[in-house]
Structure formats: C-alpha cells, structure tokens
Amino acid sequence: MRIRRYIQGHRRGRKANRLERDAMRDPFLAEALEGYERAKEDPTPHINILRRKIRSRNQRRLDVFKYGGLAASLVFILGFGIYFGFHKGGSLPEQKPLNRMMIEESQAADPQESQIEPAAGFEAYIKYVEKEMKRPTDACKDAQGQVTVSFFVDPAGKPYDIRVTRSLCPSNDREAMRLIREGPRWTPTDEEVSYTIEFD
Amino acid sequence: MRFRRNISKLADEELLTEYKRSGDTAYFGELYNRYTPLLYGVCLKYLKDADKAQDAVMQLFEQLLPKISQYEIQVFRTWLHSVVKNHCLQILRKESRQIVVDLRADLVESDEILHLLEDEEPDSERMEALKCCMAKLPEEQRISITHFFIDEMSYADIVETTGYSLSRVKSYIQNGKRNLKICIEKQMK
C-alpha cells in the first residue's frame, strides 16, 4: 500500500509525488496525511494493532453466536459488575482505554489482495462502453481494431493520467480516452491499469 | 478464515450490501479495515494524540456496527470521511477543548487546474494560456509548481532541491495554483 510507505517516512520520488497529488483531489486522504505529519514515530504498528483488533472482534462475535452462550455470559458479567459495584460504593470500574494492551507486534505488512477492476465489476463496465461509445464519423470511421489505454486510479476511483499505449486511429484513440475519463469508477489501486476497447 | 479470500475482492458498496443482507460482521470488519490508515490519520489530525486517535477509531467501529444498516449510503468512502470527522469533533466537544476550525477552503481544488497542470487537457487554447500564465508567476511559485507537476518531485524532494521549508513549498504551490486559475480565466475571456 503506497500510503503506508509514505507515512513510514518514504516521501521521495515520483510515487510520493503521486500520492501528494492524489491528496489534492481527495479530502479524506489530505486530512489523513495532515494527521500523520505531526506523528513523531512510525504509526504503522498502531495501524496494524487496530486492524487486528477489528478482525478479532468479528471472530469473537461469530464464536459467541456459534456457542450460544451470549445471554448466559451477559447475565454473569452484569451480576458480577453489580456485586462489585455495591461493594466498592456504587461506581462501575473505569473503562480501560482499549489500546493499552501489551502486544508484541512484529511490523509485518498487512497483505491485502487488491483486485484491479471497475467498482461495479467488468460486466457492468463493458455494458457502459458498448452503450456510450460514439464511433468516429471522420477519416477514422472505418477503422477497426483495438485501442489500449493505460491510466492510474485516484483514491476516489476516478481514472487520471490517461494515455494510449496501443493506437488505432486518432479519433478512436480520443474516444477511448473519453470513455475511460467519463466512465464509472474503478477500485482504487496504486498500479497502472491497462484496458482495451474494441472498435468494430 | 475461508471466506476472507473472497470478501477482500468485493467492492466497498458490495461489502455493505452483503453486511446489510446477512448481518455477518466479517463484511463490515473487512470494509472498515480498508480505511483504518485513513481513519487513524484523520483522528490524529483532530485529536492530536496517538492513544486518543486509536480509541476513537475503535469506538467508531463499535458505533457503526449496529447502526450502519439503517443508512442509505451512496459512496461509502465519502460518507465515512464525514462520519469520522464528526466523531472526532464530538470527542473534542466533550473535552470542552476549543475547536480550531480550519478555514483553508482550498484543501481540495477543482479539477480544472489540476487537469491542465497534469497535461491532460486537450484544449490547446487553455494550454497556451497556462504557459503564458506560468511565466507571470512569482519565481518561487513557478519553480515549486514546475517541480511538483512537471518534474513530478515530491514535497520532500523540492525542499531538498530548493531549500524552501516544507510549509513554504506547500503554500507556493497552493498560491501558485490559485494565481494560475485567475490568470487563465482572464486570458480566456
């Protein structure tokens, strides 16, 4: 994940520049980067802890339902709490902040499978291309074949830096770029995406 | 878990739908986890404390888990951003701290100027106007913008090359963009 490397302090080069430019279009990213700017130490261990806790929260809930002891556990815990409350003068024990856990974490990266595809799937995207394609009416009107475009996807899912890597005919190329630029969102990714449009 | 492999391929909105349909927290957990770096960062910005920020991210998760099925959400990412912001502001209000409101409206610019600078604009008239307006910029702004958009140098790269401080590089770029926008609009009339 590009943002991880950036917040760990790798802020040089084209990839860092790209992330910074993304932040100009994406207020969510911009605010997050602002937050990390003031971080004195590497925040990735904290992020890993958060992720782990959220994931384990899921499993705990599933297990509890599986074993059906939820109701019983609740009654037990409540009873306990009230018992102690009475004895200690009525106040419930102060809730410990959730992060004060002693965990030895390795800084293992958190792998995430990223699928490069339109947000609504390829099927819907292909339908969009077929529906919205405006075939050239100029000198390119009889051109048949493929145009391959390459582009990056910003955090909002919008393509940018669109370029033609396989050309057919100028008007077809322009139309392909237009379809991508004005089309549905893609799942955000750091990788450059390649997509081929057929003109027949 | 067997089905983690599958659910990580689903889009945000699909995960949300599946969660609403099945009530299985693994879907929402997967979705929320995609955003933990951004969520934590935003909480750091507002709460200015690592422990408080972590607590805030976990609290928000617990709050959203039961309630999210009730909302009609178009774009999850955008929605989540405003939710986490409000969550942080609520926390600050409870602490009775003075909330410093960021009046910098230029946090996110319109796309036009960015398109031009990133050379995506097919309109050659505007590109000509851009060239002309670039030449009119104050030197530091022109240098910073050229380095950032044309040479694709990061802020840290530019700091090293020019000797300007990080905050000055950012403000040269922000102000430069604004000046370019005004100049180009004048030119196009």
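Residues numbered from 1 in each chain as written. Chains lettered and ligands numbered in written order. Predicted model: local features only at pLDDT ≥ 70, side-chain atom pairs only at ≥ 80, totals over all residues. Heavy atoms only, no water.

Caption draft 1: Structural context of the overall build of chain A. Per the secondary structure count, chain A includes seven helices and three strands. What you see in chain A, going N to C, is helices and strands ordered as α-α-α-α-α-α-β-β-α-β. For chain A, with 200 residues in total, the buried portion stands at 40%. Looking at chain A alone, contacts between residues at least 24 apart form 69% of all its contacts between residues at least 6 apart. For chain A, the accessible area works out to roughly 12200 Å², and carbon and sulfur atoms hold 55% of it. (Helix = DSSP H or I, 4+ residues; strand = E, 2+ residues; numbered from the N terminus. Buried < 20%, exposed > 50% of the residue type's maximum accessible area, 1.4 Å probe, protein only. Contact = heavy atoms within 4.5 Å. Areas by Shrake-Rupley, 256 points an atom, 1.4 Å probe, with all protein chains shown as cover.)

Caption draft 2: Structural detail: the environment of B:Cys43. All names here are of chain B. As for its position among the elements, Cys43 is in helix H4 (residues 36-47). As for Cys43 and Ala56, which are separated by 13 residues in sequence, their C-alpha atoms are 6.9 Å apart. When neighbours within four sequence positions are excluded, Cys43 is seen to be in contact with Lys48, Ala53, Ala56, Val57, Val84 and Cys88.

Caption draft 3: Spotlight on helix H2 (residues 14-25) of chain A. Residue and element names in this part refer to chain A. With 12 residues, H2 extends 17 Å between its outermost C-alpha atoms, agreeing within 8% with the 16 Å of an ideal straight helix rising 1.5 Å per residue. Buried residues dominate H2, accounting for 10 of its 12 residues. What H2 keeps buried is the set Ala16, Asn17, Arg18, Leu19, Glu20, Arg21, Asp22, Ala23, Met24 and Arg25. (Expected span 1.5 Å × (residues − 1).)

Caption draft 4: View of the interface of chain A and chain B. Contacts between chain A and chain B engage 55 residues on the former and 63 residues on the latter. Here chain A and chain B share an interface that buries about 5500 Å² over both sides, 54% of which is from carbon and sulfur atoms. Taken as a group, A:Met24, A:Phe28 and A:Glu31 account for 16% of the area that chain A buries against chain B, more than any other trio of residues on that side. Linking chain A with chain B are nine salt bridges. Connecting chain A to chain B are 19 residue pairs in polar contact (both at pLDDT 80 or more). Mapped onto the side of chain A that touches chain B, the elements with two or more residues apiece are helix H1 (2-7), H2, helix H3 (27-37), helix H4 (44-67) and strand E2 (159-166) of chain A. Here the side of chain A that touches chain B is composed, by residue class, of 23 nonpolar, nine polar and 23 charged. (Buried area = accessible area lost by both parts, 1.4 Å probe. Salt bridge = Lys/Arg side-chain N within 4 Å of Asp/Glu carboxyl O. Polar contact = N/O pair within 3.5 Å; in protein donor to acceptor, adjacent residues only side chain to side chain. Nonpolar A, V, L, I, M, F, W, Y, C, P; charged D, E, K, R; others polar.)

Caption draft 5: Representation of the environment of A:Phe122 in the model. All names here are of chain A. Considering the arrangement of structural elements, one finds Phe122 in helix H6 (residues 122-132). Take Phe122: its relative accessible area is 36%, and that puts it in the partly exposed class. With 64 residues separating them along the chain, Phe122 and Trp186 place their C-alpha atoms 9.8 Å apart. Ignoring anything within four residues of it in the chain, the contact list for Phe122 reads Ile116, Glu117, Trp186 and Tyr195.

Caption draft 6: Broad picture of the packing of aromatic side chains. What the rule picks out here adds up to 20 aromatic pairs over all chains. Where A:Phe28 meets B:Tyr35, the ring centres are 6.1 Å apart and the plane angle is 5°; that geometry is what we call stacked. Here A:Phe28 is found in helix H3, whereas its partner B:Tyr35 is found in the loop between helix H3 (25-34) and H4 on a different chain. Their ring planes at 50° and their centres at 5.4 Å tell us that B:Tyr71 and B:Trp79 sit as a pair that is tilted. For B:Tyr71, a relative accessible area of 29% corresponds to the partly exposed category. For B:Trp79, a relative accessible area of 19% gives the class buried. One aromatic cluster in this structure is built from A:Phe122, A:Tyr125, A:Tyr128, A:Phe151, A:Trp186 and A:Tyr195. Positioned above the aromatic ring of A:Phe152 is the side chain of A:Arg18, whose terminal nitrogen or guanidinium carbon lies 3.8 Å from the ring centre. (Phe/Tyr/Trp six-rings, centres within 6.5 Å; stacked < 30°, edge-to-face > 60°. Lys NZ or Arg CZ within 6 Å of the ring centre and 35° of its normal.)

That is the geometry; function is a separate question.
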